[in-house]
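An overview of the molecular structure
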Amino acid sequence: MTRPTNDTFLRALLREPVEYTPIWLMRQAGRYLPEYNETRRRAGSFLDLCKTPQLACEATLQPLARFDLDAAILFSDILTVPDAMGLGLYFAEGEGPRFERPLRSEWEIRDLTAPDPNVHLRYVMDAVAEIRRALNHSLPLIGFSGSPWTLACYMVEGGSSADYRLVKTMLYDRPDLLHRILDVTTTAVTDYLNAQIESGVQAVMIFDSWGGALSHAAYREFSLSYMERIVAGLKKSHGGERVPSIVFTKGGGQWLEAIAAIGCDAVGLDWTTDLGEARQRIGHRVALQGNLDPMALFASPQQVAAEACRVLDSFGAGSGHVFNLGHGISQFTPPEHVTALVDAVHSHSRRGSGN
Ligand code: CP3
């Protein structure tokens, strides 16, 4: 197998030379795009959209038709894994994700098993294959999963939570039960990401969206150690090409050295960490991905461009940087401001930072 025609993103992750800084955006397909809302309407619901490979493929390609992005990301959700574990995912209008059967009792936790991704998440593998065909080697496709801790937050809380009261009560009172959930989920995520790689994704990202809510000690014990197990279990190459991995703990900047040491190729950072300082701390061990504040996209296109240059300059010259937001794009973002961002990243990095 060969690399895509535009392989700048893969080269930056592997810290190979690049002509400019590649950019993609977390949640680049979504409600800020009118064409996405139209596709979702046709699907009937967000979950039906995820579960229909042809429509998931359509949503994946939409941001690429509008913006000069350097990578595609599979259109899906992190919560399809607990759904495949039997928890019954649904989205209540205006309330975000919910589970019909959250994990509350000891017997439910003891009974939990890792699903076979090629059976229970077949629709994801079919979407990956369809997207790869549609991309026709133009751009790399990113696959992803939630981290075990972030998935456990939803599985125990039963939905989004402001304070993680239930899952943290379990962490402090019954760590054995939480470790059991994390252990099974780690197997599930490893199998799931490897199945995505075999179906054709060319890089993988682990979203540890709520790792930053943990104490210093709990982060290592309940989040990082499980991500380390996943990274160790990932297929490192497919069809003769390396498949790089990115680990993103939102709020995890203070643990950068520890994250960089688990064997991943790149670390994602939110906007609270300075990229230049992060680079000094980790040296050449990993690439860095980030880290514009998604709210910066609400400023004028001129200011968006200025903030993009600030992020590029903070990283400085040389390869090993993938431009991204520090978290998912807001549903209220004006699409024209994304155009301004992508153009500024490409032109400033070609000119300025001497990549
Ligand atoms: O990046 C991409 O474009 C790929 C698609 C993607 C989605 N969710 C689509 C989505 C990815 C990578 C995710 C990951 C995800 N999902 C995370 C981790 C990243 C992060 O944001 O921290 C989390 C925590 C979830 C769980 C989730 N899914 C929540 C909390 C919500 C509701 C919040 C919201 O924005 O409404 C979702 C729904 C969701 N996932 C939407 C999209 C486009 C919106 C659904 C809709 O169309 O109504």
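Residues numbered from 1 in each chain as written. Predicted model: local features only at pLDDT ≥ 70, side-chain atom pairs only at ≥ 80, totals over all residues. Heavy atoms only, no water.

What follows deals with the site of the ligand. In the region of the ligand, 22 residues are neighbours, and R31, Y36, R40, S209 and H327 sit closest. Between the ligand and D77 there is a distance of 2.7 Å, counted from a nitrogen atom to a side-chain nitrogen or oxygen. Across the complex, the protein chains shield 89% of the 870 Å² of accessible surface that the ligand would expose by itself. Residues that form the shell around the ligand fall into these classes: 14 nonpolar, four polar and four charged. (Near = heavy atom within 4 Å. Polar contact = N/O pair within 3.5 Å; in protein donor to acceptor, adjacent residues only side chain to side chain. Areas by Shrake-Rupley, 256 points an atom, 1.4 Å probe, with all protein chains shown as cover. Nonpolar A, V, L, I, M, F, W, Y, C, P; charged D, E, K, R; others polar.)

Following the criterion strictly, the structure yields 22 salt bridges and no others. A salt bridge links D83 to K51, with the shortest nitrogen-to-oxygen separation between them at 2.9 Å. Here D83 is found in helix α5 (residues 80-87), whereas its partner K51 is found in helix α3 (residues 46-51), with 32 residues between them in sequence. Among the residues examined, D83 registers a relative accessible area of 16% and is labelled buried. The class for K51 is partly exposed, based on a relative accessible area of 34%. Via salt bridges that share partners, R3, D7, R11, E16, E19 and E241 belong to a single interconnected network. (Salt bridge = Lys/Arg side-chain N within 4 Å of Asp/Glu carboxyl O. Helix = DSSP H or I, 4+ residues; strand = E, 2+ residues; numbered from the N terminus. Buried < 20%, exposed > 50% of the residue type's maximum accessible area, 1.4 Å probe, protein only.)

Turning our attention to the nonpolar core. Here is a general trend for soluble globular proteins: nonpolar side chains tend to be buried in one another's company. In terms of nonpolar packing, the biggest core is built from 128 residues, with F9 and L341 touching the most fellow members. Broken down by element, this core gets its largest block of residues, 11 residues, from helix α11 (residues 175-199). When neighbours within four sequence positions are excluded, L341 is seen to be in contact with I23, L25, L292, L297, V304, A308, F323 and L325. (Core = buried A, V, L, I, M, F, W, Y, C linked by side-chain atoms within 4.5 Å. Contact = heavy atoms within 4.5 Å.)

Moving on to the packing of aromatic side chains. A complete count under the given rule lists six aromatic pairs for this structure. Judged by centre distance (5.9 Å) and plane angle (80 degrees), the ring pair of F46 and F75 falls under edge-to-face. Taken as a pair, F46 in helix α3 and F75 in the loop between β1 (72-73) and α5 lie far apart in primary sequence, 29 residues in all. F75 shares its class with F46; the two are buried. When the centroid spacing of 4.9 Å and the interplanar angle of 80 degrees are considered together, the rings of F46 and F91 count as edge-to-face. (Phe/Tyr/Trp six-rings, centres within 6.5 Å; stacked < 30°, edge-to-face > 60°.)

So, on to the sheet that holds strand β10 (residues 287-292). If you walk across this open sheet you meet the seven strands as β1-β4-β5-β8-β9-β10-β11, and the pairing is parallel. The strands lining the two open edges of the sheet, one partner per strand, are β1 and β11 (321-325). Two elements, β10 and β11, share five bridges in a ladder whose sense is parallel. Paired with G290 across the strands is F323, a residue of β11. (Pairing = 2+ DSSP bridges.)

Bringing the environment of R40 into the picture now. As for its placement among the helices and strands, R40 is situated in helix α2 (residues 34-43). Taking the relative accessible area as the measure of exposure, R40 reaches 27% and is therefore partly exposed. Spatially, the C-alpha atoms of R40 and C50 are 9.4 Å apart, while their sequence positions differ by 10 residues. Among all residues touching R40, those that are not within four sequence positions of it are R31, S45, F46 and L49.

What follows covers the environment of T2. Here T2 is to be found in the segment before α1 (8-13). Residues T2 and S237, spaced 235 residues apart in sequence, show a C-alpha to C-alpha distance of 12 Å. With residues up to four places along the chain from it excluded, the contact list for T2 reads H137 and E241.

The next thing to look at is unusual backbone geometry. Along the chain, G290 connects to N291 via a cis peptide bond; the corresponding omega equals -10 degrees. Structurally, N291 can be placed in strand β10. In the Ramachandran plot, R15 falls in the positive-phi region, its phi being about 55 degrees despite a non-glycine side chain. Along the polypeptide, R15 turns up in the loop between α1 and α2.

The values are spatial; any link to function lies outside them.
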